[in-house]
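Structural overview for review
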Amino acid sequence: MKVVLIPCPIAEQTAAQVLPEEVRHYILSCRHFLVENIRTARRFISELKLGIDIESLQFEILDKDSQRAQIKDYFKKNSAIELIGVMSEAGCPGVADPGSLAVSIAQEQGIEVIPLVGPSSILLALMGSGFSGQSFCFHGYLPIDKIDRAKRIDQLAREVAKSGQTQLFIETPFRNESLLEHLIQQVPSDMLIAIACELTSPQGFIQTKTAKDWAQTLPSLHKKPCIFLLGK
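Report follows, based on the coordinates. Source: prediction; values computed, not measured.

Here's the deal with the overall build of the protein chain
The helix and strand inventory of the protein chain stands at nine helices and ten strands. Scaling as 2.2 N^0.38, a compact globule of 232 residues should have a C-alpha radius of gyration of about 17 Å, and the protein chain matches this with 19 Å. Long-range pairs, those at least 24 residues apart, make up 75% of the contacts in the protein chain between residues at least 6 apart in sequence. Carbon and sulfur atoms provide 50% of the accessible area of the protein chain, an area that totals close to 12,000 Å². For the protein chain, the distance from the average site of its 24 positive side-chain charges to the average site of its 26 negative ones is 3 Å.

Right, dumping it as C-alpha cells:
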C-alpha cells in the first residue's frame with residue numbers, strides 16, 4: 001500500500017492551471033480515497049475530465065472529527081489496496097488539514113507516503129507577502145471572544161517586533177472585515193499587515209501595507225477566503 005497526498009485547487013475552475021500532470025496520473029490510478037468532503041472530491045475529479053466513472057470510486061470521510069482508531073481500521077481493511085489517495089477540501093492534504101492523521105498512521109505503520117505538488121494558500125500567501133520565509137508560524141483561527149482575540153493579536157504583534165517571525169492566521173470569511181478592523185486598531189500603526197485573498201482565482205490578490213495605510217483603503221473581504229499575515 002502507498003498513501004498518495006493529492007492537492008486540490010483552492011479556487012473554483014482552476015485545476016487546469018494549478019495542478020501538474022502527475023496529480024492527474026495518480027488520480028487515474030487510485031480507486032480508494034480518504035477525503036475531507038465527498039461532494040467536493042467528486043466534483044474535483046469530475047472537473048478534471050479524465051474519463052473516470054465516479055460511481056466506481058470508493059470514498060471514506062477523513063475530517064476534523066475522524067478518530068485515529070477509525071483510520072487505522074480503514075488501513076487494515078484495505079491493506080491489499082495498492083494506492084489510497086488523500087484529499088483535502090482545498091489545497092494540500094496534511095497542511096493545516098485533517099489529512100495529517102492519515103499520514104501519521106501511515107508513517108507509524110511503515111506505509112510509503114507520496115506527497116504531490118499543488119497549491120497551498122499558506123505558502124502562496126507567505127511567498128507573496130514579502131515577509132520572512134525563514135521563520136513563520138501558522139495559527140489557524142484566532143479566538144472569537146473579543147478579549148481573548150485582543151490578547152492573541154497583541155502576542156502576535158509582539159512576536160513580530162521581537163523576532164521578525166511571520167505570523168499567519170485565518171478567519172471565517174464573513175468575519176474577515178471585522179478581523180481586519182481589529183488588527184488596524186490594535187497593532188502599531190507602522191506594523192505591516194499582508195492580506196492574501198482568493199488566491200489563484202482571477203480576482204485574487206496579495207497586498208502588504210502598514211496598519212495606517214490599510215485604515216485609509218479598506219478592501220472588500222466579506223465572504224472571501226483570506227489569509228492574514230503580520231510581519232516585517
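Observations concerning the nonpolar core
The biggest cluster of nonpolar side chains holds 23 residues, and the ones touching the most others in it are Ile6, Ile27, Phe33, Phe44, Ile45 and Met87. Contributing elements (two or more residues each) for this core: strand S1 (2-6), helix H2 (21-29), strand S2 (32-35), helix H3 (38-47) and strand S4 (83-87). Among all residues touching Phe33, those that are not within four sequence positions of it are Ile6, Ile27, Ile45, Leu57, Gln58, Phe59, Glu60, Tyr74, Gly85 and Met87.

Concerning the packing of helix H7 (residues 146-163) against helix H8 (residues 176-186)
Relative to each other, H7 and H8 sit at 55°, their axes nearing to 10 Å. By the angle between their directions, the pair H7 and H8 is classed as oblique. By crossing handedness, the relation of H7 to H8 is classed as right-handed. On H8, the residues touching Arg149, Ala150, Lys151, Ile153 and Asp154 of H7 are Leu179, His182, Leu183 and Gln186. For the contact of H7 with H8, the residue count by class is four nonpolar, two polar and three charged.

Things to note about the environment of Lys146
With respect to the helices and strands, Lys146 occurs in helix H7. A sequence separation of 106 residues divides Lys146 from Thr40, and the C-alpha atoms of the two residues are 33 Å apart.

A few points about the layout of surface pockets
To find leftover empty space, a probe the size of one water molecule is rolled over the atoms. Reported here for the largest pocket is a volume of approximately 1,100 Å³. Lining the largest pocket we find 36 residues, and of these Ile10, Glu89, Ala90, Gly91 and Pro225 sit closest to its centre. For the lining of the largest pocket, the elements supplying multiple residues, two or more each, are H3, helix H6 (121-129), strand S6 (136-141), strand S8 (192-197) and strand S10 (226-231). No other element matches the four residues that H3 contributes to the lining of the largest pocket.

So, the packing of aromatic side chains
With the rule as written, the count across this model stands at three aromatic pairs. On the numbers, 6.2 Å between centres and 50° between planes, the contact of Tyr74 with Phe75 is tilted. Each of the two residues, Tyr74 as well as Phe75, counts as buried. For the ring pair Phe169 and Phe228, a centre distance of 6.2 Å and an interplane angle of 10° mean the geometry is stacked. In this pair, Phe169 is assigned in strand S7 (residues 166-170) and Phe228 in strand S10, connecting sequence segments 59 residues apart. Judged on exposure class, the residue Phe169 and its partner Phe228 are both buried. One residue, Lys209, lies across the ring of Trp214, its end atom 4.7 Å from the ring centre.

Structural notes on H3
Because the α-helix completes a turn every 3.6 residues, residues three or four places apart line up on one side. Buried residues of H3: Thr40, Ala41, Phe44 and Ile45, and no others. Angularly, the buried residues of H3 cover 130° about the axis, an arc narrow enough to put them on a single face. Where H3 is buried, its residues contact S1, helix H1 (15-18), H2, S2, strand S3 (58-61) and S4. The opening residue of H3 is Asn37, an N-cap whose side-chain oxygen sits 3.0 Å from the backbone nitrogen of Arg39. At the C-terminal side of H3, Lys49 shows a positive phi close to 55°.

About the criteria used
- Residues numbered from 1 in each chain as written.
- Predicted model: local features only at pLDDT ≥ 70, side-chain atom pairs only at ≥ 80, totals over all residues.
- Heavy atoms only, no water.
- Helix = DSSP H or I, 4+ residues; strand = E, 2+ residues; numbered from the N terminus.
- Rg over C-alpha atoms; globule rule 2.2 N^0.38 Å.
- Contact = heavy atoms within 4.5 Å.
- Areas by Shrake-Rupley, 256 points an atom, 1.4 Å probe, with all protein chains shown as cover.
- Lys, Arg positive; Asp, Glu negative; His and termini not counted.
- Charge placed at Lys NZ, Arg CZ, Asp CG, Glu CD.
- Core = buried A, V, L, I, M, F, W, Y, C linked by side-chain atoms within 4.5 Å.
- Buried < 20%, exposed > 50% of the residue type's maximum accessible area, 1.4 Å probe, protein only.
- Axes fitted to C-alpha atoms, helices over the stretch in contact; angles between N-to-C directions.
- Parallel < 35°, antiparallel > 145°, perpendicular 65-115°, else oblique.
- Left-handed = near helix turned anticlockwise from the far one by under 90°.
- Nonpolar A, V, L, I, M, F, W, Y, C, P; charged D, E, K, R; others polar.
- 1 Å grid on protein atoms, 1.4 Å probe; cavity = no way out; pocket = protein on both sides within 12 Å on 5 of 7 lines; lining within 4 Å.
- Points joined across faces, edges and corners; volume = space filled by probe spheres on them.
- Phe/Tyr/Trp six-rings, centres within 6.5 Å; stacked < 30°, edge-to-face > 60°.
- Lys NZ or Arg CZ within 6 Å of the ring centre and 35° of its normal.
- Arc of directions from axis to C-beta.
- Polar contact = N/O pair within 3.5 Å; in protein donor to acceptor, adjacent residues only side chain to side chain.

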